[in-house]
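What the coordinates show
One letter stands for each residue in the lines below.
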Amino acid sequence: MKIAVVGSGYVGLVAAASFAEIGHQVICADNDLQKVAALQAGIVPIHEKFLPEIISRHCGERLTFTTSTQEAVRASEVVFIAVGTPTTEAGAADLSHVECVARDIARAINGFKLVVEKSTVPVYTNEWVHRAMLLNGAPEGQFEVVSNPEFLREGTAVTDFLYPDRVVVGCSSERAAQMMCEIYSPVIDGTYANEPTAIPRPEESLLVSQFIQTSARSAELIKHASNAFLAMRVSFINAVANVCELVGADIEEVARGVGADKRIGSRFLRAGLGYGGSCFPKDVSAFKTVAQECGYEFRLLDEVIRINEDQRQAFLRKVRTALWTLKGKRLAVLGLAFKGDTDDIRESPAVAIVKALLAQECSIAAYDPAAMERAKVELACENISYADGPYEAMHQADALLILTDWEEFTSLDLARAKSLLRYPIVLDGRNLYDPELMAGHGLSYYSVGRTAVVSKPVADPESQVPVQNGNDIQAISPNGNGHNGHAVHTNGHNGNGHHNGSLSAAAKAMKASANGGASTNGSNHAIPKNGNHPRK
Ligand SMILES: NC(=O)c1ccc[n+]([C@@H]2O[C@H](COP(=O)([O-])OP(=O)(O)OC[C@H]3O[C@@H](n4cnc5c(N)ncnc54)[C@H](O)[C@@H]3O)[C@@H](O)[C@H]2O)c1
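The paragraphs below set out a description of the structure included in this document. (Residues numbered from 1 in each chain as written. Predicted model: local features only at pLDDT ≥ 70, side-chain atom pairs only at ≥ 80, totals over all residues. Heavy atoms only, no water.)

**Re the site of the ligand**
Not every one of the 27 residues close to the ligand is listed here, only the nearest: Asp30, Lys35, Thr85, Glu154 and Lys282. Arginine 346 places a side-chain nitrogen or oxygen 2.9 Å from an oxygen atom of the ligand. Burial of the ligand by the protein amounts to 90% of the accessible area it has alone, namely 820 Å². Looking at the shell around the ligand, the elements with two or more residues in it are α1 (10-21) and α5 (96-108). Among the elements that make up the shell around the ligand, the one with the highest residue count is α5 (3 residues). Residue classes in the shell around the ligand are distributed as 9 nonpolar, 10 polar and 8 charged. (Near = heavy atom within 4 Å. Polar contact = N/O pair within 3.5 Å; in protein donor to acceptor, adjacent residues only side chain to side chain. Areas by Shrake-Rupley, 256 points an atom, 1.4 Å probe, with all protein chains shown as cover. Helix = DSSP H or I, 4+ residues; strand = E, 2+ residues; numbered from the N terminus. Nonpolar A, V, L, I, M, F, W, Y, C, P; charged D, E, K, R; others polar.)

Structure below.
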């Protein structure tokens, strides 16, 4: 089929390249001239696994790029709208880009067009797009607007698109449903997977996907409700992590036990710095706003947002607890992207934390495998430098902060890290390490929803964080309030100098979910040394 995709960002570009990959003739339009020039020159502007491969396979043949939406519309039977829908100051979705594209489509209409909303939009947008097209001269009967929300995740966007759990199509005619079914048929019926050059199917993906046909309003709500639900799970487990810290339990154990219930499942039950990225924050806010406009106060979502914001503040309090004062401290930061495997820093918790630390006059040496170029634009500040690798960032730093769950950060050489750091302090916002392992390496280790491990000062008192008392067990509250915490005393030895090789349950879950599983059956709980039970 002849397809136009308007918008060549994380969604549009993946959709365009994937449609070409499953046999369609695709023209991808974007009003960003530089981006289109780069794409025409074979440069892929985002970090996404398999994307360069499928673009280069089809570029110039089944896949072309243009700066003219109208040209793309004239050449196509189906037009996907995949432009951004950012948040307005009032928390609603800004639909001005969508409206602009609807206008362009209306003005270029030269025969029947199926107009497909692929951007995430609030309920009723389908009707608004229809109206905008009529107002701009598109003849009634010459087009139909269909809602087809996208569920891909950055980092696994290509395989998510080619091997989806479901394809949701909200439409009001059989003609539209049939056209959409035809477009997606190779990925719904699994025939794509059998092609010899197919991008490999992830183990956890379904052999046959569901095609879910609904009304347009239901399709729009499916997307907002899905993202709000996932965000709620993240906030839920983070709230439980806070309770774990207060009572001396281990969130990794708790999440494993909770997630083992088939009714619950283990996905999106990882405590950390909270959700970020270009979707969850804006979609939760837009869903809350649209519900309110329609007459329903979705207070649950207020709390989801509040917990998410608090999570970053709680981590900053831990940094303060670990380092006492912040002004002038040099911090090594691993991770700037909002999650691993992407270069996207939009609404990144890591970037928010770095900004807060810079505002406290810390200096930062940061490293991220893919997001540094974008971060340099966002964090243009003389107190931040960018390192070539994790160990370069650690050199003479007062503490190491792990802020993004890149797999590369799950297997650091801990002995080397300790030798490079000025103070042996690690603050891990992603629970990538086993606290006991960190203790064994003589590192003070603060993570999320688990007991802080505080190494005992050894030879050189000046190189250690001041402590409040001389007791062997340092009760440092993870919340920074000086009481109620449960710390594990370690003997300050350096570990055995070997690469660690032992991952926390969270790191194992990362690997498992990358491979399709999500089990977290590692035994990673912080076992108190010297027989001290943390509750005593
Ligand atoms: N990023 C994700 O993981 C993801 C997942 C599912 C759904 N979505 C939704 O998909 C939509 C797009 O998200 P994204 O992350 O790809 O955004 P993006 O910002 O990466 O890309 C949007 C693109 O649209 C282009 N654009 C804007 N106005 C245009 C116009 N009038 N004409 C032509 N091009 C125009 C921009 O130049 C940009 O390249 C959003 O609604 C988002 O919520 C995103």
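Okay, back to it.
**Description of the environment of alanine 72**
Its place among the elements puts alanine 72 in helix α4 (residues 69-74). For alanine 72, a relative accessible area of 0% puts it in the buried group. Alanine 72 sits 46 residues away from valine 26 along the chain, and the two C-alpha atoms are 8.8 Å apart. Here alanine 72 is in contact with Ala4, Ile27, Ala29 and Thr66, once residues within four sequence places are set aside. (Buried < 20%, exposed > 50% of the residue type's maximum accessible area, 1.4 Å probe, protein only. Contact = heavy atoms within 4.5 Å.)

**Details of the packing of aromatic side chains**
Ring pairs (aromatic) are described by centroid distance and by the angle formed between their planes. If you walk through the whole model with that rule in mind, you get 10 aromatic pairs. Ring geometry for phenylalanine 268 against phenylalanine 280: centres 6.0 Å apart, planes inclined by 45°, an arrangement best described as tilted. Of this pair, phenylalanine 268 sits in the loop between α10 (251-259) and α11 (280-293) while phenylalanine 280 sits in helix α11; the two residues are 12 residues apart in sequence, bridging distant segments of the chain. On the basis of relative accessibility, which here comes to 33%, the residue phenylalanine 268 falls in the partly exposed class. (Phe/Tyr/Trp six-rings, centres within 6.5 Å; stacked < 30°, edge-to-face > 60°.)

**Digging into the packing of helix α12 (residues 299-323) against helix α13 (residues 349-359)**
Across the interface, α12 lies against α13 with an axial gap of 10 Å and an inter-helix angle of 45°. Classified by the angle between their axes, α12 and α13 sit oblique to one another. Here the hand of the crossing between α12 and α13 comes out right-handed. Where α12 approaches α13, its residues Arg312, Phe315, Leu316 and Val319 are matched on the opposing element by Pro349, Ala352, Ile353, Ala356 and Leu357. (Axes fitted to C-alpha atoms, helices over the stretch in contact; angles between N-to-C directions. Parallel < 35°, antiparallel > 145°, perpendicular 65-115°, else oblique. Left-handed = near helix turned anticlockwise from the far one by under 90°.)

**What to know about helix α3 (residues 51-58)**
All buried positions along α3 are accounted for by Leu51, Ile54, Ile55 and His58. Down the axis of α3, the smallest arc covering the buried residues is 100°, so these residues share one side. Each element contacted by the buried residues of α3 is listed here: α1, β3 (63-66) and α7 (157-162). Looking one or two residues past α3, glycine 60 carries a phi angle of roughly 85°, positive in sign. (Arc of directions from axis to C-beta.)

**Points about unusual backbone geometry**
At tyrosine 124, a position not held by glycine, the phi torsion is positive, near 90°. Along the chain, tyrosine 124 turns up in the loop between β5 (113-117) and α6 (125-135). Backbone geometry places glutamine 396, a non-glycine residue, at a positive phi of 60°. Within the element layout of this structure, glutamine 396 appears in the loop between α15 (390-394) and β12 (399-402). Here glutamine 396 falls in the partly exposed class, since its relative accessible area comes to 41%.

**With respect to α6**
Where α6 is concerned, the buried positions are Thr125, Asn126, Val129, Ala132 and Met133. On an axial view of α6, the arc spanned by its buried residues comes to 125°, and they lie on one face. In α6, the exposed positions that point more than 90 degrees away from the buried face belong to Trp128 and Leu135. Downstream of α6 by one or two residues, glycine 137 has phi in the positive range, about 95°.

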